[in-house]
Amino acid sequence: NELLLAIPFFTLMGSLLEKCGLAEDMLDSMGQLFGPVRGGLGYSVILVGFILGAITGTVAGQVIAMAMISLPIMIRYGYDIRYATGVLAASGTITQLVPPSLVLVVLADQLGRSVGDMYLGAWGPSLLQIALFALYTWFLTIIRPQDLPPVPRTLTGRPLLIKCMWGIIPAGVLIFLVLGTIFLGIATPTEGGAMGALGAIIMATVRGRLSYTLLKQALTSTTKLSSFVLFILIGSTCFSLVFQGVDGHIWVEHLLGDLPGGQIGFLIVVNIMIFVLAFFLDFFELAFIVVPLL
C-alpha cells in the first residue's frame, strides 16, 4: 500500500528533528518572546507543540524533547508543577491532530478517503484545541497568578529577532515542503513525507548536528515504529477476515444500529467506547480493528 509508505518518511523526519535541536531552539526563542508575559512559558510550550506537530507527526519523541527542555526552566521560575506537567503532556497530543499527522494517514487509508481531505478537515479542530489550551492558561493567570509567574528576558532588540528567526523560519520552510506541496497538488502524501525527510536531513546538516550516530538512532527508531505498525496491520487483517467469516460485522451492525437515540445516540455510545478503549489500546490498534467495524 503506497499510502502507508508515508509512515516511515514522517517518522524519520520527526526523529531527525527531535535529535538535531530544533525543539530546543524553538522553545528557547519562544520563551524569550513570551517570557515576560504572565504564563508566557505555558503559551510558548503550546505554540511550539503546535509547530512541532505540523512538522513531525509523532507524539512520544516530541513530548520527551519538550519536557526535558522546558520542565526544569518552568520549575526554576516557580511554575506550579501540576500546570507545567499538564501543559507539556497536552501540547504533545496536538500532534495527533495537526497535519501531517500519522494518525490521519492511517485513518485516510482505513476510510478510503484522500489524505489531503483529512488534512484539510483536521485544521479547524486542531486550531480550536490550541485556542482552548491557551484560553485555559490565560484563565489560570487570572485566578492563580502566583502559579504562572513572568520570566525575565535575557535578549532584546536585534539578538532577540535573530534568535526567533533561527528557530521559526526553518520550521516554516519544512511545513511548506510537506503540507504546501500536498495542498497545492504538487506531491502525494508519500512524496510530501519524502521531501520532509530530506528537508530534515538538510536542516540537521545546516545546524552542524548531523552525524553517523544521530542518523543511526533516527533510522533505528523509524524502523521500530514502522515494523510495529505493520505487525498490527497484519494482525488486524487476520482478525477482520475471521470476524467477517463468522458474520461478526452483521452482529456489530445490529448492535449499534438498534441503539436508542438514532444518530446522536450512536455517536455518544461510540465516543464513550473509543474513550474507554484508548486507556488500553494505542491509536493504531483502534484504527485498524475498531474503525473498520464502525
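All values derive from a computational prediction rather than experimental measurement. (Residues numbered from 1 in each chain as written. Predicted model: local features only at pLDDT ≥ 70, side-chain atom pairs only at ≥ 80, totals over all residues. Heavy atoms only, no water.)

Chemist: Please give an account of the packing of aromatic side chains that cites residues and values.
Modeler: One pass over the full model with this rule turns up five aromatic pairs. Seen from their ring centres, F50 and W123 are 6.1 Å apart, and the 70° between their planes marks the pair as edge-to-face. On the criterion of sequence distance, the pair formed by F50 in helix α3 (residues 40–56) and W123 in helix α7 (residues 115–143) is long-range, its members being 73 residues apart. Take F50: its relative accessible area is 16%, and that puts it in the buried class. Its relative accessible area of 22% is what places W123 among the partly exposed residues. Ring geometry for F275 versus F279: centroids 5.4 Å apart, planes at 85°, classification edge-to-face. Judged on exposure class, the residue F275 and its partner F279 are both exposed. One aromatic cluster is present, formed by F275, F279 and F280 through successive ring pairs. (Phe/Tyr/Trp six-rings, centres within 6.5 Å; stacked < 30°, edge-to-face > 60°. Helix = DSSP H or I, 4+ residues; strand = E, 2+ residues; numbered from the N terminus. Buried < 20%, exposed > 50% of the residue type's maximum accessible area, 1.4 Å probe, protein only.)

Chemist: Residues and numbers for the nonpolar core, please.
Modeler: Burial of nonpolar side chains together is a common tendency in soluble globular proteins. Counting 65 residues, the largest nonpolar core has F10, L17, L22, M74 and Y119 as the members making the most contacts within it. Ranked by the residues each element gives to this core, the list is headed by α3, at nine residues. Non-local contacts of L22, meaning those with residues more than four positions away in its chain, are made with L17, L52, I55, G167, M203 and R207. (Core = buried A, V, L, I, M, F, W, Y, C linked by side-chain atoms within 4.5 Å. Contact = heavy atoms within 4.5 Å.)

Chemist: Run through the packing of helix α1 (residues 6–19) against helix α6 (residues 102–111), naming residues and quoting values.
Modeler: In the contact formed by α1 and α6, the axes pass within 10 Å of each other and the chain directions differ by 175°. By the angle class used here, α1 and α6 are roughly antiparallel. Packed against α1, whose contacting residues are A6, I7, F10 and T11, the element α6 presents L102, V105 and V106 at the interface. By residue class, the composition of the contact of α1 with α6 is six nonpolar, one polar and no charged. (Axes fitted to C-alpha atoms, helices over the stretch in contact; angles between N-to-C directions. Parallel < 35°, antiparallel > 145°, perpendicular 65-115°, else oblique. Nonpolar A, V, L, I, M, F, W, Y, C, P; charged D, E, K, R; others polar.)

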